[in-house]
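Structure at a glance
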Amino acid sequence: MTQVNAPATSNGGGVSMDTSRLASKENLDAAGKRFEAIFVGMMLKSMRTANLGEGLFDSKASQQFRDMQDQQLAQSMAAHAPIGIGKAMTEFLAKAAPVVAAAPETDGSTP
């Protein structure tokens, strides 16, 4: 079981610089998918604000429902039809720090 542990230091602003949690490929892949979902969600929100006029039935409730729908659409797009920004971020982070496969969890019984 090999694990890369970086020292947990602080940059003076109270933010930890510990990057040991990034050392597993599964964590990097999950972070890439979440980043892609957030990016696509921001893109959809930006496109929604660029409307040319008000609709006949626009209301605060329909706007809130549309925002929730866009959030689900962004997550679905990131999982099934990614645009590649999450993968690019994952590859960049993998180059910056050594990545190891996560060790299988044991239940504490005999090895």
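Everything numeric in this text was worked out from a predicted model, so none of it was measured. (Residues numbered from 1 in each chain as written. Predicted model: local features only at pLDDT ≥ 70, side-chain atom pairs only at ≥ 80, totals over all residues. Heavy atoms only, no water.)

Quick word on the overall build of the chain
Across its full length, the chain holds three helices and zero strands. Counting from the amino terminus, helix and strand elements in the chain follow one another as α-α-α. Within the chain, the fraction of its 111 residues that count as buried is 12%. Taking the contacts inside the chain whose residues are at least 6 apart along the sequence as the reference set, 73% of them involve residues at least 24 apart. Carbon together with sulfur atoms contributes 60% to the accessible area of the chain, which is approximately 9000 Å² in total. (Helix = DSSP H or I, 4+ residues; strand = E, 2+ residues; numbered from the N terminus. Buried < 20%, exposed > 50% of the residue type's maximum accessible area, 1.4 Å probe, protein only. Contact = heavy atoms within 4.5 Å. Areas by Shrake-Rupley, 256 points an atom, 1.4 Å probe, with all protein chains shown as cover.)

Quick notes on the pattern of salt bridges
The final tally for this structure, using the stated rule, is one salt bridge. Asp70 is paired through a salt bridge with Arg48; the nearest N and O atoms lie 2.9 Å apart. Of the two residues, Asp70 sits in helix α2 (residues 60-80) while Arg48 sits in helix α1 (residues 25-49), which places them 22 residues apart along the sequence. Judged by relative accessible area, which is 6%, Asp70 ranks as buried. With a relative accessible area of 40%, Arg48 lands in the partly exposed category. (Salt bridge = Lys/Arg side-chain N within 4 Å of Asp/Glu carboxyl O.)

Focus: the packing of α1 against helix α3 (residues 85-96)
α3 packs onto α1 with a crossing angle of 140 degrees between their chain directions and a minimal axis gap of 8 Å. Regarding the angle of α1 to α3, the classification is oblique. The handedness of the crossing between α1 and α3 comes out as right-handed. Of the residues in α3, those in contact with Leu28, Asp29, Ala31, Gly32, Phe35, Glu36 and Phe39 of α1 are Ile85, Gly86, Lys87, Met89, Thr90, Leu93 and Ala94. (Axes fitted to C-alpha atoms, helices over the stretch in contact; angles between N-to-C directions. Parallel < 35°, antiparallel > 145°, perpendicular 65-115°, else oblique. Left-handed = near helix turned anticlockwise from the far one by under 90°.)

Some words on the layout of surface pockets
Estimates place the volume of the largest pocket at around 310 Å³. Surrounding the largest pocket, 12 residues form its lining, Arg48, Thr49, Asn51, Gln63 and Arg66 being those nearest its centre. Elements with a minimum of two residues in the lining of the largest pocket: α1 and α2. Per-element accounting of the lining of the largest pocket gives the leading share, four residues, to α2. Among the residues making up the lining of the largest pocket, the classes are represented as no nonpolar, six polar and six charged. (1 Å grid on protein atoms, 1.4 Å probe; cavity = no way out; pocket = protein on both sides within 12 Å on 5 of 7 lines; lining within 4 Å. Points joined across faces, edges and corners; volume = space filled by probe spheres on them. Nonpolar A, V, L, I, M, F, W, Y, C, P; charged D, E, K, R; others polar.)

Let's talk about the confidence of the model for the chain
Confidence in the prediction of the chain, expressed as mean pLDDT, is 75, and 65% of residues score 70 or more. Within the chain, no element has a lower average pLDDT than α3, which sits at 81, and none a higher one than α2, at 87. (pLDDT = per-residue confidence, 0-100.)

Quick notes on the side chain of Asp70
A distance of 2.9 Å separates the side chain of Asp70 from the side chain of Arg48, its partner in a polar contact. Excluding residues within four positions of it along the chain, Asp70 makes contact with Leu44 and Arg48. (Polar contact = N/O pair within 3.5 Å; in protein donor to acceptor, adjacent residues only side chain to side chain.)

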